[in-house]
Amino acid sequence: MLRQRLSFAVLMALVFGTLTVNSAMAASLNWTDLSAQIPTTTLDETADYPLLSFASSRGTEWLVGNPNQLFQVTSQQKIFDLTPDLKKFGFQKIRQVASDGQGWIVVGDSSPWYSQPDLAFLYDGMYWKNASGVMASLPPQEWVGQIIGKRGLWIIPTSRSLFVWQSSLKTIANIPLPKNLMDSGFDKMDFYALKYGWLMVVETGPDKHCYFFDGQNFQDVGRRLGLMNKTTSIGSNGAAALIVTAQTDAKTPKVTATYFDGRSSYKLDAHFRACVDQKNKAIKFFPESDIVWDGKNWLMLDYRNHLTSFNGRSAVSVLPDTRDIFVSSAYGTSGTSLHVGFAKNNRDELVPRVVMTVE
């Protein structure tokens, strides 16, 4: 038992870092509003997106934007407009931006009428490389899902298939999906990077199917992680996933949490008791929250302005509500993270927001 406890403590220290921040200190976030620097260049001059919908990180820099614009945010809190580059490459719309921890892939359309993206460019922070051949290699009429990368390897799901692409190669590999998914089909497929592979969460109507994917094979881990048909929030720091589930339909609301690195899983329920208001039988944050690792703590934000912080070993801290509505968050290092979304100005108009938090 002593050896098990010791190995758990060591493993948690490796995953969450050497943590000395206690719950009280975790509440002291410094918010830096960078919204005044947001570029005004757009791909389509007739389209108006009064919010920012995605943020993608490689640790100390971020790409931020919406379907109509893209810009780069540095750790020195400077913003550079990348939209003119995309216009030069023929982009009329951005579908998504993904990072492999070293650089990014930007996926989009050269025509607003295409059913699937036809443009893809790799970006290392300074230079662009055309990778549109990857999009052309995908089966026609298959919707492209959430792309995720890890050190030059890109996981590309579609509405029917799964592909893996190494950025140094010109060809992509088709990975056979588990038979039950092939037989029944699915609505959505999300991936989260782990130390030993990826956590794959597949939605088929109201059902969730969860697998550990090592790059070739799938292992069903849904029952092990307790994710079957529950409202779930998941965040990844590249080494492990923090999985938080909420049961709101029971007489006594309950929040459970699990750490999973692809091989080992540990329950963290006791740390999340502060998230439940037992007197009013309510949960203090919206169940489907955005969970982001900032190098020191996990931050959990929801669309109702609620914010909580978890350092991996102490009780969750319920922090003051956020002023803005954040749609997407991206990880950082040394206590830094980036959050994007929107707010209302004094004329009751929606305006885009980009905010950096530093502990």
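Residues numbered from 1 in each chain as written. Predicted model: local features only at pLDDT ≥ 70, side-chain atom pairs only at ≥ 80, totals over all residues. Heavy atoms only, no water.

A few words on the nonpolar core. Core analysis: the largest hydrophobic core is formed by 19 residues, its most contacted members being Leu242, Val244, Val255, Phe272, Met300 and Phe310. Broken down by secondary-structure element, the contributors of at least two residues to this core are β19 (241-247), β20 (254-260), β24 (290-293) and β25 (298-301). Residues in contact with Val244, not counting those within four places in the same chain, are Thr231, Thr232, Ser233, Val255, Thr256, Ala257, Phe272, Phe285, Ile291 and Met300. (Core = buried A, V, L, I, M, F, W, Y, C linked by side-chain atoms within 4.5 Å. Buried < 20%, exposed > 50% of the residue type's maximum accessible area, 1.4 Å probe, protein only. Helix = DSSP H or I, 4+ residues; strand = E, 2+ residues; numbered from the N terminus. Contact = heavy atoms within 4.5 Å.)

Here the focus is the sheet that holds strand β3 (residues 62-66). Within the open sheet, the four strands sit side by side as β2-β3-β4-β5. Their pairing is antiparallel. The open sheet has two edge strands, β2 (54-57) and β5 (79-81), and neither has a second partner. Strand-to-strand, the axes of this sheet are offset by a mean angle of 25°, without reference to chain direction. When strand β4 (residues 69-73) meets β5, the two strands line up antiparallel, connected through three bridges. Paired with Val73 across the two strands is Ile79, which belongs to β5. (Pairing = 2+ DSSP bridges. Axes fitted to C-alpha atoms, helices over the stretch in contact; angles between N-to-C directions.)

On to the confidence of the model for the chain, then. Within the chain, residue pLDDT values average 87, and 90% of them lie at 70 or more. Contacts of residues 1-27 to residues separated by more than four positions or lying in other chains number 39 contacts, the stretch itself having pLDDT below 50. (pLDDT = per-residue confidence, 0-100.)

The next point concerns the side chain of Asn237. Mapped onto the secondary structure, Asn237 falls in the loop between β18 (231-236) and β19. A relative accessible area of 19% places Asn237 in the buried class. From its side chain, Asn237 meets the backbone nitrogen of Ala239 in a polar contact 3.0 Å long. Polar contacts involving the side chain of Asn237 include one to the main-chain amide nitrogen of Ala240, which spans 2.8 Å. (Polar contact = N/O pair within 3.5 Å; in protein donor to acceptor, adjacent residues only side chain to side chain.)

What follows is about the environment of Leu162. Relative to the assigned elements, Leu162 resides in strand β12 (residues 162-166). What makes Leu162 buried here is its relative accessible area of 0%. Measuring from C-alpha to C-alpha, the distance between Leu162 and Gln247 comes to 31 Å, with 85 residues separating the pair along the chain.

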